[in-house]
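Observations on the model geometry
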Amino acid sequence: EQSVGFSVFGLLLYCRLAYPGGAKLWSWSSAPAASAALWVIVFLPLFLLDWRHVVHWRYLRENRHRFPPHDSQRYALVIFTEFGYKVLLCIYLIVRQFNQPLSLKMVMLPYAVGYMLQFILGHFVPMEEVEIAE
């Protein structure tokens, strides 16, 4: 699923940036509404993968007694911060007014913070003495 999702994303991104078939074929995409819609379509496979990640997170949460402590919270933190990063990146690419006050470093901040907090939650939070089913 993930390889198909990322492959479709890569193909759509290629079409959006490289204009295969020539610029005349893609001239309609220069309109603001068309450009915004195309960016959403490009990121759609990644958002669909995010939905799959939410389903997996619900499974981890419902069966948390079978997994290490805080595993579902760590996974939720990663998927929701990745989702926030993708939404901010779409907004950054669609709305040109955000390009000045919002740098790409600021757009990537949720992604970086999510992975740092996930690492901290996994390595520095004291674990309870719980038997984990094998």
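These figures come from a predicted structure and were not determined experimentally. (Residues numbered from 1 in each chain as written. Predicted model: local features only at pLDDT ≥ 70, side-chain atom pairs only at ≥ 80, totals over all residues. Heavy atoms only, no water.)

**Topic: the packing of helix 2 (residues 32-62) against helix 3 (residues 71-94)**
Taken N-terminus to C-terminus, the directions of helix 2 and helix 3 make an angle of 170°; their axes are 10 Å apart at the nearest point. Relative to helix 3, helix 2 is oriented roughly antiparallel. By residue class, the composition of the contact of helix 2 with helix 3 is 19 nonpolar, 3 polar and 4 charged. (Axes fitted to C-alpha atoms, helices over the stretch in contact; angles between N-to-C directions. Helix = DSSP H or I, 4+ residues; strand = E, 2+ residues; numbered from the N terminus. Parallel < 35°, antiparallel > 145°, perpendicular 65-115°, else oblique. Nonpolar A, V, L, I, M, F, W, Y, C, P; charged D, E, K, R; others polar.)

**A few points about the side chain of Ser72**
Positionally, Ser72 belongs in helix 3. On the basis of relative accessibility, which here comes to 7%, the residue Ser72 falls in the buried class. Engagement of the side chain of Ser72 in a polar contact is seen with the side chain of Gln73, the distance being 3.5 Å. With residues near it in sequence (within four places) discarded, Ser72 still touches Trp57, Leu60 and Arg61. (Buried < 20%, exposed > 50% of the residue type's maximum accessible area, 1.4 Å probe, protein only. Polar contact = N/O pair within 3.5 Å; in protein donor to acceptor, adjacent residues only side chain to side chain. Contact = heavy atoms within 4.5 Å.)

**A short note on the environment of Val95**
The residue Val95 is located in the loop between helix 3 and helix 4 (104-123) in this model. Remark: the alpha-carbon pair of Val95 and Ala36, spanning 59 residues in sequence, is separated by 8.0 Å.

**Comments concerning the nonpolar core**
A general tendency of soluble globular proteins is for nonpolar side chains to be buried together. Membership of the largest hydrophobic core is limited to 12 residues, which are Phe9, Trp39, Val42, Phe43, Leu46, Phe47, Leu49, Tyr85, Leu89, Cys90, Tyr92 and Val107. At the level of secondary structure, the elements contributing two or more residues to this core comprise helix 2 and helix 3. It is helix 2 that provides the largest number of residues to this core, a total of 6 residues. Beyond its immediate sequence surroundings of up to four residues, Leu89 is in contact with Phe43, Leu104 and Val107. (Core = buried A, V, L, I, M, F, W, Y, C linked by side-chain atoms within 4.5 Å.)

**Observations regarding the packing of aromatic side chains**
Across all of its chains, the model carries 6 aromatic pairs by this definition. Judged by centre distance (5.4 Å) and plane angle (55°), the ring pair of Phe9 and Phe43 falls under tilted. Of the two residues, Phe9 is situated in helix 1 (residues 2-18) and Phe43 in helix 2; the sequence distance between them amounts to 34 residues. For the pair formed by Phe9 and Phe43, the shared burial category is buried. Judged by centre distance (5.6 Å) and plane angle (65°), the ring pair of Phe47 and Phe83 falls under edge-to-face. One end of the pair, Phe47, is in helix 2; the other, Phe83, is in helix 3, with 36 residues separating them in the sequence. You can call Phe83 partly exposed: its relative accessible area is 39%. By way of ring pairs, the aromatic residues Phe9, Trp39 and Phe43 are connected into one cluster. Here the guanidinium or amino end of Arg61 rests over the ring plane of Trp57, the centre of that ring lying 4.7 Å away. (Phe/Tyr/Trp six-rings, centres within 6.5 Å; stacked < 30°, edge-to-face > 60°. Lys NZ or Arg CZ within 6 Å of the ring centre and 35° of its normal.)

**Describing the pattern of salt bridges**
Scanning the entire structure with this criterion turns up 2 salt bridges. Measuring nitrogen to oxygen at the nearest pair gives 2.6 Å for the salt bridge that ties Glu1 to Arg52. Here the residue Glu1 occupies a position in the segment before helix 1, and Arg52 occupies one in helix 2, the gap between them amounting to 51 residues. Note on Glu1: relative accessible area 62%, which makes it exposed. For Asp50, the salt bridge is made with Lys86, and the minimal N-O distance between the two is 2.9 Å. (Salt bridge = Lys/Arg side-chain N within 4 Å of Asp/Glu carboxyl O.)

Geometry only, nothing functional implied.
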